[in-house]
Amino acid sequence: MGSYGMLARRALLTETPVMVQIQELIRGEKDCVSLAQGVVYWQPPKEALEKVQKLVWEPSVSCYGADDGLPELREALTKKLRVENNLHKSSVMVTAGANQAFVNIVLTLCDAGDSVIMFCPYYFNSYMTFQMTGVTDILVGPGDPNTLHPDADWLEKTLKETQPTPKLVTVVNPGNPSGTYIPQPLLQRISEICKEAGCWLVVDNTYEYFMYDGRKHVCMEGNHIVNIFSFSKAYGMMGWRVGYIAYPSEVEGLSAQLLKVQDNIPICASIISQRLALYSLEMGAEWVTDQVKNLVKNRQLLLDALSPLGKDAIKGGEGAIYLWAKLPEEYNKEDFEVVRWLVKKHGVVLIPGSSSGCPGYVRVSFGGLVEDKCRFASERLKKGLQQLVNEGLVP
């Protein structure tokens, strides 16, 4: 059998993380600029970091805390959910980032062999979570070809016709990787369809503050809805790993089951990270939106960089930090090869769409670079795409 044969099939059959592939691709490339990973260029609020510095020698930060989070942080988050998100019947669990929140939810709500629903293009880490937890009957629904919005008619039909009924539907709003925003009427309809069918709706609101051109983010609440939030992008806390779940308080037993999972993964999110989250939250939503508004210039730079592909090829940019672009037809199954070529030939890296179920597309992040560096990256990308369109993958 050998050692490889002793490994779990659920791990072996899980997709390799695309960011691991990208890191391997650019390793040794000394002059490569990244438009790949979903990060922001800013750090947490200076005032919050200064407060945390004083806590390093505080004994409590080296101890375990409550599994579901520091009481004072959960209290602040409950207030934030009521005031900003209009969620009044939700309890809070603090997690080590939004990805861990999603793992907690899947382990709590789904059994191996259950069917679940996502929409194309889907968030690759969520897809991997289903795979590695044995939830391998993943039904991937279509997005509208013009808006990339989830197809609610398809969802309604699928939930009615699939037996047993899929356990869970999940969306990211605004979208990763699409950068599109599901408007309130459509999100409301998706919620009602799920409620009628008796399945869960899990909404990832990681990019709640990343809204452009006058759009406003909204959340849904109900006993069939679980919401996910994150400090990573909003407060520049990617490496500090703090997210949280807002789950329906009235669902009997849900809290206890979430706590079982939480206690066996992180026990609790890092105490010093939770303190930083609390101090950052005290800065208010305005601190975040002040950072986010500066990304509009980056978005415009990259819209121009993608222009060689044609206007109709570019979607997204309504929310989050992503643009989504279709490559020329001849590269429908070669998006990773195009990404590899852009790295080697032009020194710029993107995410291949095949990692999100859409071969022939690429995801472009406009959040990780200050404006001057983004302009430099966009010039490289535009030059590369012009050559791709005119000459192909020339050596």
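All residue numbers refer to position in the chain's written sequence, counted from 1. It should be noted that, the model being predicted, local features are given only for residues of pLDDT at least 70 and side-chain atom pairs only at 80 or more, the latter also being counted only at that level, while totals for whole chains, interfaces and linings use all residues. With hydrogens and water stripped out, all remaining heavy atoms of the structure feed into the side-chain values.

(A) Quick look at the state of the cysteines. Note on disulfides: each one is a pair of cysteine sulfur atoms within 2.5 Å. Within the structure shown, the criterion is met by zero disulfides. Lacking any disulfide linkage, Cys219 is separated from the closest cysteine sulfur, that of Cys194, by 15 Å. For Cys219, a relative accessible area of 12% translates into the label buried. The structure places no disulfide on Cys268, whose sulfur is separated from the nearest cysteine sulfur, that of Cys63, by 9.8 Å. Classification of residues uses two cut-offs on accessible area relative to the type maximum, computed with a 1.4 Å probe and protein chains only: under 20% is buried, over 50% is exposed, and between them is partly exposed.

(B) Quick peek at the layout of surface pockets. With a 1 Å grid spanning the protein atoms alone, the term cavity applies to any set of points in which a 1.4 Å probe fits but cannot get out, the term pocket to an open set with protein on both sides within 12 Å along at least five of seven lines, and the term lining residue to any residue with an atom within 4 Å of a point. Grid points are joined across faces, edges and corners, and a volume is the space filled by probe spheres set on the points. Taken as a whole, the largest pocket spans an internal volume of roughly 550 Å³. Residue lining of the largest pocket: 27 residues in total, with Asn99, Tyr123, Asn125, Lys233 and Arg241 positioned closest to the centre. Secondary structure counts use DSSP, requiring at least four H or I residues in a row for a helix and at least two E residues in a row for a strand, with both numbered from the N terminus. When residues of the lining of the largest pocket are assigned to their parent elements, the largest contribution, five residues, is made by helix H6 (residues 124-132). Its residues assigned to classes, the lining of the largest pocket shows 14 nonpolar, nine polar and four charged. Residues are grouped as follows: Ala, Val, Leu, Ile, Met, Phe, Trp, Tyr, Cys and Pro are nonpolar; Asp, Glu, Lys and Arg are charged; all remaining types, including Gly, are polar.

(C) Spatial organisation of the side chain of Lys233. With respect to the element layout, Lys233 can be found in the loop between strand E7 (225-230) and strand E8 (243-248). In this tally, Asp and Glu contribute negative charge and Lys and Arg positive charge; neither His nor the terminal groups of the chain are included. Salt bridge, as used here: a side-chain nitrogen of Lys or Arg that lies within 4 Å of a carboxyl oxygen of Asp or Glu. For the buried residue Lys233, which engages in no salt bridge, the nearest side chain bearing the opposite charge is Asp204, 8.2 Å off. Ignoring any residue separated from it by four or fewer positions in sequence, one finds Lys233 in contact with Gly38, Val39, Val40, Trp42, Thr206, Tyr207, Phe210 and Met238. A contact between two residues is defined here by any heavy atoms of the two lying within 4.5 Å.

(D) Looking closely at the sheet that holds E8. The seven strands are arranged E2-E8-E7-E6-E5-E3-E4 in an open sheet whose pairing can be described as mixed. A strand with exactly one partner marks an edge of an open sheet, and here the two such strands are strand E2 (90-95) and strand E4 (137-141). On average, each strand axis in the sheet is inclined to that of its neighbour by 20 degrees, with strand direction left out of account. Across the face of the sheet, helix H5 (residues 98-109) comes into contact with E2, strand E5 (168-172), strand E6 (200-204), E7 and E8 while running at roughly 160 degrees to E7. Pairing between two strands requires that DSSP report at least two bridges joining them. Interaxial angles span 0 to 180 degrees and are taken between N-to-C directions of axes, which are lines fitted to C-alpha atoms, for helices over the stretch in contact.

(E) Expanded view of the environment of Val242. Inspection of the secondary structure puts Val242 in the loop between E7 and E8. Exposure remark for Val242: the relative accessible area of 0% places this residue in the buried category. Expressed as a C-alpha distance, the spacing of Val242 and Thr95, which sit 147 residues apart in the sequence, is 5.8 Å. In contact with Val242, other than residues within four places in its own chain, are Val94, Thr95, Ala96, Gly97, Ser230, Phe231, Ser232, Met237, Ser273, Gln274 and Ala277.

(F) Layout of empty space enclosed by the protein. Applying the stated criterion to the full structure yields two cavities of 30 Å³ or more. Volume-wise, the largest cavity comes out at about 210 Å³. As for the largest cavity, its lining consists of 20 residues, and the residues nearest its centre are Phe119, Pro121, Tyr122, Val171 and Val172. Of all elements in the fold, only strand E3 (115-119) and E5 reach the threshold of two or more residues within the lining of the largest cavity. Broken down by element, the lining of the largest cavity gets its largest block of residues, three residues, from E5. For the lining of the largest cavity, the residue count by class is twelve nonpolar, eight polar and no charged. For the second largest cavity, the calculated volume is near 50 Å³. Lining of the second largest cavity is provided by Lys80, Glu208, Tyr209, Ser230, Phe231, Tyr235, Tyr244 and Leu281. Partitioned by chemical class, the residues of the lining of the second largest cavity number five nonpolar, one polar and two charged.

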